[in-house]
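Chain residues, written in single-letter form:
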Amino acid sequence: MKKFLIIQQKMVGDVLASTILCEHLKSHYPESEVHFLINENTRAVVDGNPYVDKIILFENRYRNSQLAFYRFLKSIKKEKYDVTIDVYCKLESNLISYFSRADLRISYKKWYSKFVYTHLFSYSKNKDTTLGYAIENRLLLLTPIIKELQKPNLAPKIYLLEKEVHLAKKTLANHGIKKSKPVIMVGILGSGQSKSYPLKYLAETLDFIVQNFDVIFLLNYLPNQKEAVEELLSFCSEKSKRAINKKIFGRSLRAFIGLLSQCDGYIGNEGGASNISKALDIPNFSIFSPWISKQAWLTFNDNNANQAVHLSDYNSDILKIPAKYRKKNSLELYKTFRPRFFKAQLRNFIEDYVISD
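Counting from 1, residues in each chain are numbered in the order their sequence is written. Owing to the predicted nature of the model, reporting of local features is limited to residues with pLDDT of at least 70; listing and counting of side-chain atom pairs is limited to 80 or more, with chain, interface and lining totals taken over all residues. For side-chain calculations, the full set of non-hydrogen atoms in the structure is used, while hydrogens and water are omitted.

Draft legend 1. Expanded view of the nonpolar core. Residues grouped as a nonpolar core are buried Ala, Val, Leu, Ile, Met, Phe, Trp, Tyr and Cys residues, joined through side-chain atoms within 4.5 Å. Burial here depends on accessible area, computed with a 1.4 Å probe over protein chains only, as a share of the maximum for the residue type. Under 20% is buried, over 50% is exposed, and the range in between is partly exposed. Membership of the largest hydrophobic core comes to 61 residues, with the highest contact counts inside it found for Ile6, Leu25, Val45, Ile85, Leu142 and Ile276. Looking at this core, the element that brings in the most residues is helix 1 (residues 12–28), giving eight residues. Discounting residues that sit within four places of it in the chain, Ile6 has contacts with Leu21, Cys22, Leu25, Val34, His35, Phe36, Leu37, Ile85 and Val87. Within the second largest apolar cluster, 39 residues are counted, among which are Leu233, Cys236, Phe285 and Val354. Per the convention used, a helix needs a DSSP run of H or I reaching at least four residues, while a strand needs a run of E reaching at least two, with both numbered from the N terminus. Note on definitions: a residue-residue contact is assigned when non-hydrogen atoms from the two residues lie within 4.5 Å.

This is how it looks when you write it as structure tokens:
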């Protein structure tokens, strides 16, 4: 029986994307044991996944204590893995891969880690990708052990318990939401300021939606982000304010996932929430930050229910600017990314995928 370790430390979207590796491995090696090493704050998107035999959490204390990290590395060594697939490929995961002592250690080509791995790959540059670079680059890492994928178009999935779905439905019902109107989850903030569409523009987008459709908005935010919610509301029309139910929000990531599973669509910043919507098969319309690669993270773009807009769709010259400079100047670039650019596409998206039933 083969024993696999997949290493994916990083954000929710990255972890979700890498769950497909677990499913592919289980499909081709059904008797294998698949362990998935992730950051502890991303566990909610992996819990319940039938293709993961063991979740290994990389705890924050390992970064703060060399002794704790060393003990963790020794525990990895004791597992005696046959294959290690390092999707993260940073110093921490380099050390984890090295200590795994697996016969096959697979990752991406980096100048600082060549001696650690037995197989290294360059990132995909397939311009015709429909899967997105984020998926294609992960599938590359399977090629030393799987010659031909049985299901090459596998998409990430999230698995909710019945009680979690029931709780989400009950929460909506308790707030008077009976699904007589389409319910849209709005991602009001990205993972940082450089990945957050200006709230004034987002309010204009919501105003446009309520002018044309009778919908209910839920907001994706954390308790410590209530100031952003109030700022968004200050820009919204009275009609938009009446459409927003700000009292409903996920008090944990798993609770948010449950609520999103009951929505008819997701609209807002590209990131963890938009990737969760895809994994739940909820139509999503994502607004990319000017510095993030749309070609990488617009995954499965042959599915028209997965749509996204990027400033480069309307001004291709910005792609001539290196990503690090776009990130540094993201707030200024965002100011040029007006909602009027994508209103027609957004209207069609809502008509075709959110209220089509």
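Draft legend 2. Quick look at the sheet that holds strand 4 (residues 83–86). Strand pairing follows a simple DSSP-based rule, namely that at least 2 bridges must link the two strands. Spatial strand order, 3-2-1-4-5-6: six strands in an open sheet with parallel pairing. On the outer flanks of this sheet lie strand 3 (54–58) and strand 6 (119–121), each paired with one strand and no other. Within this sheet the neighbouring strands show an average axis-to-axis angle of 15 degrees, counted without direction. In terms of strand pairing, strand 5 (residues 104–108) meets strand 6 through three bridges, oriented parallel. Structural elements are reduced to axes, namely lines fitted to C-alpha atoms, with helices fitted over the stretch in contact, and the angle between N-to-C directions of any two is expressed from 0 to 180 degrees.

Draft legend 3. Representation of the sheet that holds strand 11 (residues 284–287) in the model. The strand order across the open sheet formed by six strands is 9-8-7-10-11-12, and the pairing between neighbours is parallel. On the outer flanks of this sheet lie strand 9 (244–245) and strand 12 (306–309), each paired with one strand and no other. Of the pairings in the sheet, the one linking strand 7 (residues 183–187) to strand 8 (residues 216–220) comprises five bridges and is parallel in character. Considered in strand 8, the bridge of Val183 is made with Ile216.

Draft legend 4. Here's a closer look at the packing of helix 1 against helix 5 (residues 133–140). One can describe the packing of helix 1 onto helix 5 by two numbers: an axis separation of 10 Å at closest approach and a directional angle of 40 degrees. Relative to helix 5, the element helix 1 is oriented oblique. Every pair of crossing elements has a handedness; the one defined by helix 1 and helix 5 is right-handed. Across the interface between the two elements, Asp14, Ala17, Ser18, Ile20, Leu21 and His24 of helix 1 pack against Ile135, Arg138 and Leu139 of helix 5. Its residues assigned to classes, the contact of helix 1 with helix 5 comprises five nonpolar, two polar and two charged. Put simply, angles under 35 degrees are roughly parallel, angles over 145 are roughly antiparallel, angles from 65 to 115 are roughly perpendicular, and the rest are oblique. Here a crossing is taken to be left-handed if its near helix is turned anticlockwise relative to the far helix by less than a right angle, and right-handed if that turn runs clockwise. When residue character is reported, Ala, Val, Leu, Ile, Met, Phe, Trp, Tyr, Cys and Pro are called nonpolar, Asp, Glu, Lys and Arg charged, and the others, Gly included, polar.

Draft legend 5. How the structure looks around the side chain of Asn137. Considering the arrangement of structural elements, one finds Asn137 in helix 5. Sequence-distant contacts of Asn137, defined by excluding residues within four places in its chain, comprise Tyr108, Tyr123 and Ser124.

Draft legend 6. The arrangement of the packing of aromatic side chains in detail. Whether two aromatic rings pair depends on their centres lying within 6.5 Å, for rings of Phe, Tyr and Trp, where Trp uses its six-membered ring; planes under 30 degrees apart make the pair stacked, over 60 edge-to-face, and the rest tilted. In the structure shown here, the tally under the stated rule is 21 aromatic pairs. With a centroid separation of 5.2 Å and 35 degrees between ring planes, the pair formed by Tyr314 and Phe341 is classed as tilted. Here Tyr314, found in the loop between strand 12 and helix 13 (323–328), pairs with Phe341, found in the loop between helix 14 (330–335) and helix 15 (343–354); they are 27 residues apart in sequence, far enough to count as distant. Of the residues examined, Tyr314 reaches a relative accessible area of 32% and is grouped as partly exposed. Taking the relative accessible area as the measure of exposure, Phe341 reaches 28% and is therefore partly exposed. Ring-pair connections join several aromatic residues into one group, and the members of that group are Tyr197, Tyr201, Phe285, Tyr314, Tyr334, Phe337, Phe341, Phe342, Phe349 and Tyr353. Criterion for a charge above a ring: Arg CZ or Lys NZ at most 6 Å from the ring centre, at most 35 degrees from the ring normal. Lys3 extends its terminal NZ or CZ atom over the ring of Tyr81, reaching a point 5.4 Å from the ring centre.

Draft legend 7. Summary view of the pattern of salt bridges. Each reported salt bridge corresponds to a side-chain nitrogen of Lys or Arg within 4 Å of a carboxyl oxygen of Asp or Glu. On inspection of all chains with the given rule, the structure shows 16 salt bridges. One salt bridge in this structure joins Asp14 and Arg138, with 3.8 Å as the shortest N-O distance. Placement of the pair is Asp14 in helix 1 and Arg138 in helix 5, with a sequence separation of 124 residues. For Asp14, a relative accessible area of 11% gives the class buried. Assessed through its relative accessible area of 6%, Arg138 is described here as buried. For the salt bridge of Asp47 with Arg43, the shortest nitrogen-to-oxygen distance reads 2.9 Å. Among the residues examined, Arg43 registers a relative accessible area of 35% and is labelled partly exposed.

Draft legend 8. Focus on the pairing of strand 11. The two faces of strand 11 match: Asn284 and Ser286 on one face and Phe285 and Ile287 on the other face are all buried. Bridge count between strand 10 (residues 265–269) and strand 11: four bridges; the pairing is parallel. Within the sheet, the bridge partner assigned to Ile267 lies in strand 11 and is Phe285. For a crossover, the right-handed case is the one in which the path from the first strand over the helix to the second runs clockwise, viewed with the strands pointing away from the viewer. Note on the crossover from strand 10 through helix 11 (residues 272–279) to strand 11: the handedness is right-handed. Where strand 11 lies against strand 12, four bridges are found, and the strand directions are parallel. Of the residues in strand 12, the one forming a bridge with Ile287 is Val309.

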